[in-house]
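A structural walkthrough
Spelled out, the chains give:
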Amino acid sequence: MNPRLARLLTRLYPRVWRERYAEEFEAFLQSGPSGLQAVANVVWSALHEYVIPTRGNPMNQNPNSFRSILKYPSAFLPLAMSLGALGVLASAAIYGLLHGAGGIIRQPDEGTAAHLWQILMAGQLPILLYFAVKWLPRAPRQTLYVLALQAGAALASMAPVYFLNL
Amino acid sequence: MRSTRNVASPENDTAAGYFSDPPLLVLASLANGPKHGHAMIDDIDRLCGTRLGPGTLYGAIARLEQQGWIEPLPAEERRQPYRITVEGLRVLRAKLTTLQQFTKAGLRRLASL
């Protein structure tokens, strides 16, 4: 196989996999045939490696560990929503500063930023509830850690509203 | 008129007999000594007529190495040979024994038809 093509195909694999196999796999590809079938096989295998990784993801990893639980949408979505709400406040404050208001511009009907913040904060409540109901019986301690993290993010988002009387 | 759609032909037999469990094939290939990638592909081809693609082979190698069933030997020029571990031999023996029991039972059922 053409060395360039071999290198390109090897680069399709995840970084962790490449750290271990890139050198020998590239040499292996270079010394083999370069048919369309071989190329398709490598592309498919590289994609498969992203979905079910062999490196950096031990097969016996505890599915109830803090890191594993945090990967579920019901765990990370509330965090993302709280941070998003904080981002909304920050962008509103920056907008106000840029327009000489010295902070968030108060509007009589609360305004878009306030509505966005409310939607993000209220929208995460059912997800939080679902997460707690699903995971507390399975892995109480790890779930409590995640819940604490979610509560921390929510408090961080609510703090400016409370302290700045927004 | 007789339909020829389901008539067995040597080509159909080959396709129907295609066996693909790459990790098991790699373990079986390494059972008679260490080999590098291309030697494994040729050996597996001779063993059961299945020719593994390069990505499939290295997918199997990575999984087997992760499980400690095969291990790399010092590289020879640019070729990387692998050998089966003691644990890998134990796993291969267990898998092949199960497969043998399954094959015997399946063939007995076919014979009784």
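In this text, all values refer to a predicted model and were calculated from it rather than measured experimentally. (Residues numbered from 1 in each chain as written. Chains lettered and ligands numbered in written order. Predicted model: local features only at pLDDT ≥ 70, side-chain atom pairs only at ≥ 80, totals over all residues.)

So, the overall build of chain B
Filter applied, for reference: For helices the rule is a DSSP run of H or I covering at least 4 residues; for strands it is a run of E covering at least 2, with both sets numbered from the N terminus onward. By definition, residue pairs are in contact when their C-beta atoms, positioned from the backbone, come within 7 Å.
The helix and strand tally for chain B stands at 5 helices and 2 strands. When the helices and strands of chain B are read in sequence order from the N terminus, they spell out α-α-α-α-β-β-α. If you take every contact in chain B between residues at least 6 apart in sequence, the share linking residues at least 24 apart comes to 51%.

Some details on the overall build of chain A
We apply this condition: Counting other C-beta atoms within 10 Å of a residue's own tells you its class, since 20 or more makes it buried, 12 or fewer makes it exposed, and anything in between is partly exposed; those C-beta atoms are placed from the backbone.
For chain A, the count of helices and strands is 7 helices and 0 strands. Beginning at the N terminus, the succession of helices and strands in chain A can be written as α-α-α-α-α-α-α. Out of the 166 residues in chain A, the part that is buried amounts to 25%. Restricting to contacts in chain A with at least 6 residues of sequence separation, those with at least 24 account for 72%.

Section: helix α2 (residues 15–30) of chain A
We count it as follows: In this scheme, the bend at a residue equals the angle between the axes fitted to the seven residues that finish there and the seven that begin there.
Of all the bends found along α2 of chain A, the most pronounced is centred on Tyr21 of chain A and spans about 70 degrees. Every buried residue belonging to α2 of chain A is among Trp17, Tyr21, Glu24, Phe25, Glu26, Ala27, Phe28 and Leu29 of chain A, and all of these are buried. If you follow the buried residues of α2 of chain A, they end up packed against α1 (3–11) and α3 (36–51) of chain A together with α3 (37–48) and α4 (54–66) of chain B.

What about the interface of chain B and chain A?
Our working rule: Basically, the charged four are Asp, Glu, Lys and Arg, the nonpolar ten are Ala, Val, Leu, Ile, Met, Phe, Trp, Tyr, Cys and Pro, and anything else, Gly included, counts as polar.
In this complex, chain B contributes 14 residues to the contact, which on the side of chain A involves 20 residues. Only α3 and α4 of chain B provide two or more residues apiece to the side of chain B that touches chain A. With 8 residues, α4 of chain B is the single largest residue contributor to the side of chain B that touches chain A. Partitioned by chemical class, the residues of the side of chain B that touches chain A number 3 nonpolar, 9 polar and 2 charged.

Focus: unusual backbone geometry
Residues and elements named next belong to chain B. Even without glycine at this site, Glu77 takes up a positive phi of about 55 degrees. Summarising the element assignment, Glu77 is placed in the loop between β1 (70–72) and β2 (82–84). Note on Glu77: 8 C-beta atoms within 10 Å, which makes it exposed.

Some words on the nonpolar core
Using the following cut-off: A set of buried residues drawn from Ala, Val, Leu, Ile, Met, Phe, Trp, Tyr and Cys, joined through C-beta atoms within 7 Å, is what defines a nonpolar core.
Counting residues in hydrophobic clusters, the biggest one holds 30 residues, and the most contacted among them are Val26, Leu57, Ile61, Leu64 and Ile70 of chain B. Residue assignment for this core shows that the elements contributing at least two residues are α1, α2 and α3 of chain A together with α2 (22–30), α3, α4 and β2 of chain B. Sequence-distant contacts of Leu64 of chain B, defined by excluding residues within four places in its chain, comprise Pro23, Val26, Leu27, Trp69, Ile70 and Gly88 of chain B. With 8 residues, the next largest nonpolar core counts Ala85, Ala92, Trp117 and Leu120 of chain A among its residues.

Side note on the confidence of the model for chain B
Residue and element names in this part refer to chain B. The criterion, for reference: Predictor confidence is given residue by residue as pLDDT, running from a minimum of 0 to a maximum of 100.
Scored by pLDDT, chain B comes out at a mean of 83, with 83% of its residues at no less than 70. Mean pLDDT values over the elements of chain B span from 49, in helix α1 (residues 10–16), up to 94, in β2. Contacts for the low-pLDDT stretch residues 1–12, under 50 throughout, to residues beyond four places or in other chains number 1 contact. Model confidence for the complex: the whole-complex pTM is 0.55, and ipTM, which rates the interface, is 0.74.

Looking at the packing of helix α5 (residues 73–98) of chain A against helix α6 (residues 111–135) of chain A
Residue and element names in this part refer to chain A. The condition is simple: A fitted line through C-alpha atoms serves as each axis, taken over the contacting stretch for helices, and the angle formed by two N-to-C directions is quoted from 0 to 180°. Geometric relationships in this document are graded by angle, where less than 35 degrees denotes roughly parallel, more than 145 denotes roughly antiparallel, 65 to 115 denotes roughly perpendicular, and other angles denote oblique. By definition, turning the near helix anticlockwise from the far helix through less than a right angle yields a left-handed crossing, and turning it clockwise yields a right-handed one.
At their nearest, the axes of α5 and α6 sit 8 Å apart, and the two run at 165 degrees to each other. One finds that α5 runs roughly antiparallel with respect to α6. You can see that α5 and α6 cross each other, and the crossing is left-handed. Packed against α5, whose contacting residues are Ser74, Ala75, Leu77, Pro78, Met81, Ser82, Gly84, Ala85, Val88, Leu89 and Ala92, the element α6 presents Ala113, Leu116, Trp117, Leu120, Met121, Gly123, Gln124, Ile127, Leu128, Tyr130, Phe131 and Lys134 at the interface. The class makeup of the residues in the contact of α5 with α6 is 17 nonpolar, 5 polar and 1 charged.

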